[in-house]
Amino acid sequence: MTLNNKIINIIEWHVDAGVTVAVGEEPRSLYAVRVEPPAANIVPVIQAVASPSTNFPPQFDSNPMKKTISPPSRRLAQQCQTLEELRQAMSNFNDCPLKLTATNMVFSDGNPEAKIMVIGEAPGADEDIQGKPFVGLSGKLLDRMFATIGLSRQENIYIINIVPWRPPGNRQPTTQEITQCLPFVQRHIELIRPDLLILVGGVAAKTILDTNEGIMRLRGRWHDYTSEGLEAPIKCMATFHPAFLLRSPAQKAQVWRDLLTVQQEQHSRK
Ligand code: URA
């Protein structure tokens, strides 16, 4: 085997194992004991939220809204009066380490005048490249799901994610990452002021509803979302993530029920 073929084999092996993102110049074993001081600007958040050593493998292990600390993003987000200011504040924000490995920030897609706002988890590989939420395989399914009740991103929905940068290798965002980005999401909701929120998947549902309950229990019924900058609560429906439906198509029937409930509510508001 030539050296080139060997290198290609090694790269293919990594891609098959899901290693698709270069996070540094040097290869690094996650199991090697290596004590490095964290970057100065992320120390306060990491120390305040959780010990980094408890966070491997990264998990959505507790509810970030229950933390009493105020991440630096909160003040920045609260100052934003328009979507453009929010986009600028987020793209100038350097405290979330996900930004270092992402290609693009994924701000939003859809109609900012829409009455329905959809919140997903985090960009994947396709979203990272295109800078738009839900443009990959699960995005195609999401569009088809909403089309069944007459909704589309061109017309009547607006879509964001809990974190705007792709977590390397498509892992779940950690509690720290979510805590850092949450004030931007909260401000985003306040600026759009939708009538209804649709929370897609467990991470979005737990984060926005401020609960540790799982998506199985949260989906299919109405919840209220409130924040300081909102005059009245917003009704939220949680449902399964399309990526989960791609793996478990039998659950589509439940999502169909959730969507019909949303449609009924939408019609009752006309
Ligand atoms: N999954 C999400 O939760 N959001 C995206 O934008 C893409 C996939």
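Residues numbered from 1 in each chain as written. Predicted model: local features only at pLDDT ≥ 70, side-chain atom pairs only at ≥ 80, totals over all residues. Heavy atoms only, no water.

Visitor: Quick one: what's the story with the nonpolar core, residue by residue and with numbers?
Guide: Core analysis: the largest hydrophobic core is formed by 60 residues, its most contacted members being Ile119, Ile189, Leu197, Leu199 and Ile208. Broken down by element, this core gets its largest block of residues, 7 residues, from helix H8 (residues 175-192). Excluding anything up to four places from it in sequence, leucine 199 contacts Ile119, Ala204, Ala205, Ile208, Leu209, Cys236, Met237, Ala238 and Thr239. (Core = buried A, V, L, I, M, F, W, Y, C linked by side-chain atoms within 4.5 Å. Buried < 20%, exposed > 50% of the residue type's maximum accessible area, 1.4 Å probe, protein only. Helix = DSSP H or I, 4+ residues; strand = E, 2+ residues; numbered from the N terminus. Contact = heavy atoms within 4.5 Å.)

Visitor: Before we move on, could you go through the site of the ligand and cite the residues and values that matter?
Guide: As a matter of local geometry, the ligand sits amid Gly120, Glu121, Ala122, Pro123, Glu127, Pro133, Phe134, Ser138, Asn161 and His241. In this structure, phenylalanine 134 approaches the ligand through a main-chain N or O atom, which is 2.9 Å from an oxygen atom. One nitrogen or oxygen atom from the side chain of histidine 241 is found 2.8 Å from an oxygen atom belonging to the ligand. Expressed as a share of its isolated accessible area of 230 Å², the protein-covered part of the ligand is 93%. The residue makeup of the shell around the ligand, split by class, is 4 nonpolar, 4 polar and 2 charged. (Near = heavy atom within 4 Å. Polar contact = N/O pair within 3.5 Å; in protein donor to acceptor, adjacent residues only side chain to side chain. Areas by Shrake-Rupley, 256 points an atom, 1.4 Å probe, with all protein chains shown as cover. Nonpolar A, V, L, I, M, F, W, Y, C, P; charged D, E, K, R; others polar.)

Visitor: Outline the packing of aromatic side chains, listing residues and values.
Guide: As enumerated under the stated definition, the model contains 2 aromatic pairs in all. Ring geometry for phenylalanine 93 and phenylalanine 184: centres 5.1 Å apart, planes at 75°, overall edge-to-face. Residue phenylalanine 93 is found in the loop between helix H4 (83-92) and helix H5 (98-101), and its partner phenylalanine 184 is found in helix H8; the two are separated by 91 residues along the sequence. You can call phenylalanine 93 buried: its relative accessible area is 3%. (Phe/Tyr/Trp six-rings, centres within 6.5 Å; stacked < 30°, edge-to-face > 60°.)

Visitor: Mind laying out helix H12 (residues 252-268), listing which residues take part and the relevant values?
Guide: Because an α-helix packs 3.6 residues into every turn, residues spaced three or four apart end up facing the same way. Taking 1.5 Å per residue, 17 residues should reach 24 Å; H12 reaches 24 Å between its end C-alpha atoms and fits that length. On its buried side, H12 packs onto strand S2 (116-120), helix H7 (137-147), strand S4 (196-200), strand S5 (222-225), strand S6 (234-239) and helix H11 (242-247). (Expected span 1.5 Å × (residues − 1).)

These figures come from the coordinates and say nothing about function on their own.
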